[in-house]
Amino acid sequence: MTIKHEVPSYLTQHGIGPWGDYLEQIDRVTPYLGNLARWVETMKRPKRMLIVDVPIERDDGTIAHFEGYRVQHNTSRGPGKGGVRFHQDVTLSEVMALSAWMTVKNAAVNVPYGGAKGGIRVDPKTLSQGELQRMTRRYTSEIGIIIGPNKDIPAPDVNTNEQIMAWMMDTYSMNQGSTASGVVTGKPISLGGSLGRREATGRGVFVVGCEAAVKRGLNIHGAKVAVQGFGNVGGIAARLFSEAGAKVVAVQDHISTVIRSSGLDVAALQAHVNATGSVAGFSGGEEISDRAQFWAVDCDILVPAALEQQITVENAASIRAKIILEGANGPTSPAADDILHENGVLVVPDVIANAGGVTVSYFEWVQDFSSFFWTEDEINLRLTRIMREAFTAVWQLAEEKKVSLRTAAFIVACTRVLQAREMRGLYP
Ligand code: GLU
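Residues numbered from 1 in each chain as written. Predicted model: local features only at pLDDT ≥ 70, side-chain atom pairs only at ≥ 80, totals over all residues. Heavy atoms only, no water.

S.K.: Which parts of the structure should I look at to understand the site of the ligand?
M.R.: As a structural note, the neighbourhood of the ligand is formed by 14 residues, with Lys81, Lys105, Pro156, Asp157 and Ser361 the closest of them. One of the side-chain N or O atoms of Lys105 is found 2.6 Å from an oxygen atom in the ligand. Take Arg197: an N or O atom from its side chain is 3.1 Å from an oxygen atom of the ligand. Computed on the free molecule, the ligand has an accessible area of 300 Å², of which 95% lies beneath the protein chains in the complex. If you list the elements that add at least two residues to the shell around the ligand, you get α2 (92–108) and α10 (356–370). (Near = heavy atom within 4 Å. Polar contact = N/O pair within 3.5 Å; in protein donor to acceptor, adjacent residues only side chain to side chain. Areas by Shrake-Rupley, 256 points an atom, 1.4 Å probe, with all protein chains shown as cover. Helix = DSSP H or I, 4+ residues; strand = E, 2+ residues; numbered from the N terminus.)

S.K.: Teacher, can you tell me more about unusual backbone geometry here?
M.R.: The bulk of non-glycine residues show a negative phi, and the bulk of peptide bonds are trans. Here the bond from Tyr427 into Pro428 is cis, since omega is 0°, no more than 30 degrees from zero. Note on placement: Pro428 falls in the segment after α12 (405–424). Located in the positive-phi region is Asn159, a residue other than glycine, with phi close to 65°. If you trace the backbone, Asn159 turns up in the loop between β6 (152–153) and α4 (162–176). Taking the relative accessible area as the measure of exposure, Asn159 reaches 37% and is therefore partly exposed. Not every positive phi belongs to a glycine, and Ser371 is a case in point at roughly 50°. (Buried < 20%, exposed > 50% of the residue type's maximum accessible area, 1.4 Å probe, protein only.)

S.K.: Got a minute to help me understand the packing of aromatic side chains in this structure?
M.R.: Geometrically, a pair of aromatic rings is defined through the distance of the ring centres and the angle of the planes. By the definition in use, this model includes 11 aromatic pairs. A ring pair is formed by Tyr22 and Trp101, whose centres lie 6.5 Å apart and whose planes are at 85°; its orientation type is edge-to-face. With a gap of 79 residues between them, Tyr22 in helix α1 (residues 17–29) and Trp101 in helix α2 connect regions that are remote in the sequence. Side by side, Tyr22 and Trp101 carry an identical accessibility label, which is buried. (Phe/Tyr/Trp six-rings, centres within 6.5 Å; stacked < 30°, edge-to-face > 60°.)

S.K.: Before we go on, may I ask you to explain the pattern of salt bridges in this structure?
M.R.: Opposite charge on two side chains permits pairing when their charged atoms draw close. Applying the stated criterion across every chain, the model contains 25 salt bridges. With a closest N to O distance of 2.6 Å, Glu308 and Arg85 form a salt bridge. Of this pair, Glu308 sits in the loop between β11 (301–304) and β12 (323–325) while Arg85 sits in strand β4 (residues 84–87), and the two are 223 residues apart along the sequence. Summarising the burial analysis for this pair, Glu308 and Arg85 share the class buried. One network of salt bridges, in which partners are shared, links Arg85, Glu94, Lys117, Asp157 and Glu308. (Salt bridge = Lys/Arg side-chain N within 4 Å of Asp/Glu carboxyl O.)

S.K.: Just to check I follow, could you spell out the side chain of Asn354 for this structure?
M.R.: Looking at the secondary structure, you find Asn354 in the loop between α9 (350–353) and α10. A polar atom in the side chain of Asn354 sits 2.8 Å from the side chain of Lys105. In this structure Asn354 touches Lys105, Thr201, Val205, Glu326, Gly327, Ala328 and Asn329, once residues within four positions along its chain are discounted. (Contact = heavy atoms within 4.5 Å.)

S.K.: What is the right way to read the packing of α2 against α12 from this model?
M.R.: Where α2 meets α12, the closest approach of the two axes is 8 Å, and the angle between their N-to-C directions is 90°. Comparing the axis directions of α2 and α12 gives the class roughly perpendicular. Here Trp101, Thr103, Val104, Ala107 and Ala108 of α2 lie close against α12, whose contacting residues are Ala409, Phe410, Val412, Ala413, Arg416 and Val417. Considering only residue class, the contact of α2 with α12 consists of 9 nonpolar, 1 polar and 1 charged. (Axes fitted to C-alpha atoms, helices over the stretch in contact; angles between N-to-C directions. Parallel < 35°, antiparallel > 145°, perpendicular 65-115°, else oblique. Nonpolar A, V, L, I, M, F, W, Y, C, P; charged D, E, K, R; others polar.)

S.K.: Would you take a moment to explain the environment of Arg424 for this structure?
M.R.: Within the element layout of this structure, Arg424 appears in helix α12. Between the alpha carbons of Arg424 and Pro188 there is a distance of 36 Å; along the sequence they are 236 residues apart. Leaving out residues up to four positions away in the same chain, Arg424 has contacts with Thr75 and Ser76. A polar contact of 3.3 Å, which involves the side chain of Arg424, links it to the backbone oxygen of Thr75.

S.K.: What is the right way to read the sheet that holds strand β10 (residues 286–288) from this model?
M.R.: Two modes of strand pairing occur in sheets, parallel and antiparallel, and in both the strands are linked by backbone hydrogen bonds. Spatially, 7 strands are ordered β10-β9-β8-β7-β11-β12-β13 in an open sheet, and the strand pairing comes out mixed. The open sheet is flanked by β10 and β13 (346–348), the only strands paired with a single partner. Taking each pair of neighbouring strands and ignoring which way they run, the sheet shows an average axis angle of 20°. (Pairing = 2+ DSSP bridges.)

S.K.: What is the right way to read the layout of surface pockets from this model?
M.R.: Take a probe with the size of a water molecule and roll it over the atoms, and the empty space left behind shows itself. As a volume, the second largest pocket reaches approximately 530 Å³. Taken together, 22 residues make up the lining of the second largest pocket; nearest its centre are His341, Val403, Ser404, Leu405 and Arg406. Within the residue set of the lining of the second largest pocket, elements represented by two or more residues are α1, α8 (334–342), β13, α11 (376–401) and α12. Grouping the amino acids of the lining of the second largest pocket by side-chain chemistry returns 10 nonpolar, 5 polar and 7 charged. (1 Å grid on protein atoms, 1.4 Å probe; cavity = no way out; pocket = protein on both sides within 12 Å on 5 of 7 lines; lining within 4 Å. Points joined across faces, edges and corners; volume = space filled by probe spheres on them.)

Structural data, given as structure tokens:
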């Protein structure tokens, strides 16, 4: 009897979902990898994927089950590293893509990690604090068999925060019998968290935005900025741009869109969002109901800082910005990339633009191991240097090879990952 081996379809879904976008990005970089292309299949297959059942007792005594994931895409350059997302639309294939983008991101900015990501398919807004804690702890316990300070280090992502990292650290530590602060990053400062971590992703977006503006001959002072997503990434980036004299002319979140061509008061908007959970109902701007209009807003810099697959063939041609800074992971589809390129829009890809978060996660992990903590100035200085150097190296390669910044970033990253892969060799 012959056994027919079929490649599982979830690995090869070109053109479908974020994983399909990622596969297309890898295909685009492959011709530039020389002899390392022999190893490129490594990038298309996550090393290890864990699906876990997460049962909890609800406050009303019923039992609820959630599906959780942890995907370790690659560990050639070091332990797995990447956030944990709580969202009702999380799927295995989305987590695969997010973990793969972490591999590329960590290599692009040269922090000594592979790539990983996790998530639970849940709308956390439907849970009480107690339910959220029980779910987080059970999930951590279930993935505890593959995470660890030297194995795979989770961190915050969409809808997860310092409190959730504290519960994850505590659960892992309780199971181990000793406190292991290096098992997660993005912790509260009192538990071995790092100064500057909370703002790091938004700060990194701002730093590379300033570099890109210089290349485009755009003055940040007076520049018009539009931001999608007003959470930990979009909110901080908007604040830093506005403090530097830019005008934040439009903000869109999952509920509404507010615009003001003379510039929104970002501090007042942040206070409104803190109080109500959304930009909806903010009186300091005009609320528009057609969500698609956001993309066509008159701006110089556009910051998608929400979820994947937002800039598509449907809206790419309407974008008027000169620069796009990808605060989100995977916000632009490959087909949209082509349209933007043709229209002369400079796209600073996610794997560079939003790498500030994981860079300061790396600082946190190093500080935890040495039990010696740095000042916020030291952290911001080191973050700025790493972001600028990564941007400049990718910019120069893009010029040399006449490719987009995304392809250049992927060349840098895939070369680092696959060189490590080749040097380590196959076992056995
Ligand atoms: N979730 C963030 C990202 O997508 C940070 C990951 C980390 O710090 O490990 O880059």
